Amino acid sequence: DCAVLDFEGGATAAIGPFFWVCDQNLGPGTWSYVEGMDYVPAKTVLHSLVTIASKNGALLLNFSPKANGTIPQEQQDIARTVGRWLKSFGECVYNTRPWASYGEGPSHAAHGVKECTAQDIRFTRNKDNTVLYAIFCGWPGNGASVTISSLKRSQINLSTLGKVELLGEKPGTAVSLTWKQTDTGPNITLPVGQPFAADAYPV
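Read on for a plain summary of the structure.

About the criteria used
Residues numbered from 1 in each chain as written. Predicted model: local features only at pLDDT ≥ 70, side-chain atom pairs only at ≥ 80, totals over all residues. Heavy atoms only, no water. Helix = DSSP H or I, 4+ residues; strand = E, 2+ residues; numbered from the N terminus. Rg over C-alpha atoms; globule rule 2.2 N^0.38 Å. Buried < 20%, exposed > 50% of the residue type's maximum accessible area, 1.4 Å probe, protein only. Contact = heavy atoms within 4.5 Å. Areas by Shrake-Rupley, 256 points an atom, 1.4 Å probe, with all protein chains shown as cover. Lys, Arg positive; Asp, Glu negative; His and termini not counted. Charge placed at Lys NZ, Arg CZ, Asp CG, Glu CD. 1 Å grid on protein atoms, 1.4 Å probe; cavity = no way out; pocket = protein on both sides within 12 Å on 5 of 7 lines; lining within 4 Å. Points joined across faces, edges and corners; volume = space filled by probe spheres on them. Nonpolar A, V, L, I, M, F, W, Y, C, P; charged D, E, K, R; others polar. Pairing = 2+ DSSP bridges. Axes fitted to C-alpha atoms, helices over the stretch in contact; angles between N-to-C directions. Polar contact = N/O pair within 3.5 Å; in protein donor to acceptor, adjacent residues only side chain to side chain.

Next up on the list: the overall build of the chain. Counting its secondary structure elements, the chain contains 2 helices and 12 strands. Helices (α) and strands (β) of the chain occur, in sequence order from the N terminus, as β-β-α-β-α-β-β-β-β-β-β-β-β-β. In summary, the chain has a C-alpha radius of gyration of 18 Å against a globular reference of 17 Å for 203 residues, a match within 12%. Taken along its principal axes, the extent of the C-alpha atoms in the chain is 60 × 45 × 30 Å. Of all 203 residues assigned to the chain, the portion counted as buried reaches 45%. Expressed as a percentage of contacts within the chain between residues at least 6 apart in sequence, the contacts between residues at least 24 apart total 62%. Total accessible area on the chain is roughly 10,700 Å²; 52% of this is exposed by carbon and sulfur atoms. The centroid of the 16 positive side-chain charges in the chain is displaced by 8 Å from the centroid of its 17 negative side-chain charges.

Dropping the structure here:
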């Protein structure tokens, strides 16, 4: 009486009521190694991982070794790029749970992996429900003023919100952000200078 819902190269359109898994290959159209094969960009893999986690899922990434058992360098590079991001910002993915909404923005990853835009935000929360992560899938702009419409007054009470921070590139560090609550959602001001380069920015 137990099962895990599994999608091959796909995903749920919304937050799944139960934990689920997405199987995804690194080479579009093939699960095994093919000479001269193309690869999914690391940024696309990362954005898919964040989106899947925000929908109560997990990404099962397929690697395609050569006949001699070695992993092609291109595949290693993708894994290391995603791994470096997780080393810095993994707290917004590991051991998290979905929030009331999986995200907002123009991109939807209901069918396979998809790279998102800087206007896309994905939400996760910690197990204790004391920290909400809003993961921007790109840098919205130096000094940009961003309103998160999913957190408007009619949907959530932020009167006890202690602080808003941008997670730092070094684990355990953060950059304090100024914000104010409006009827349409909290308005957050990002740093005037981009503090570091990343494929996604958790707040």
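On we go.
Turning our attention to the layout of surface pockets. Of the voids in this model, the largest pocket is the one considered here, and its volume is about 650 Å³. Of the residues forming the lining of the largest pocket, the biggest block, 3 residues, is contributed by strand β6 (residues 132-136). Split by residue class, the lining of the largest pocket holds 16 nonpolar, 5 polar and 3 charged. Put simply, the second largest pocket is a space of about 200 Å³. As for the second largest pocket, its lining consists of F19, L49, A53, N56, G57, A58, L59, V93, N95, T96, R97 and P98. Of all the secondary structure elements, the ones that give two or more residues to the lining of the second largest pocket are α1 (42-54), β3 (57-62) and β4 (96-104). In terms of residue class, the lining of the second largest pocket is made up of 7 nonpolar, 4 polar and 1 charged.

With antiparallel pairing, the 4 strands of this open sheet are ordered in space as β4-β5-β6-β12. In this open sheet, the two edge strands, each paired with only one partner strand, are β4 and β12 (201-202). In this sheet, β12 lies alongside β6 in antiparallel orientation, the contact comprising 2 bridges. What sits directly across from F136, in β12, is Y201. Running at roughly 55 degrees to strand β5 (residues 121-126), α1 makes contact with β4, β5 and β6 of the sheet.

For N56, which is not glycine, the phi dihedral falls at a positive 75 degrees. When its relative accessible area of 19% is taken as the criterion, N56 is described as buried. A positive phi is found at N129, a non-glycine position, where the angle reads about 60 degrees. Relative to the helices and strands, N129 is located in the loop between β5 and β6.

Of note, T12 is situated in the loop between β1 (5-8) and β2 (20-25). With relative accessibility at 11%, the residue T12 sits in the buried group. Among the polar contacts listed, one links the side chain of T12 to the backbone oxygen of A14, at a separation of 2.5 Å.

Moving on, we get to the environment of G185. Here G185 is to be found in strand β11 (residues 185-189). Classification of G185 as buried rests on a relative accessible area of 0%.

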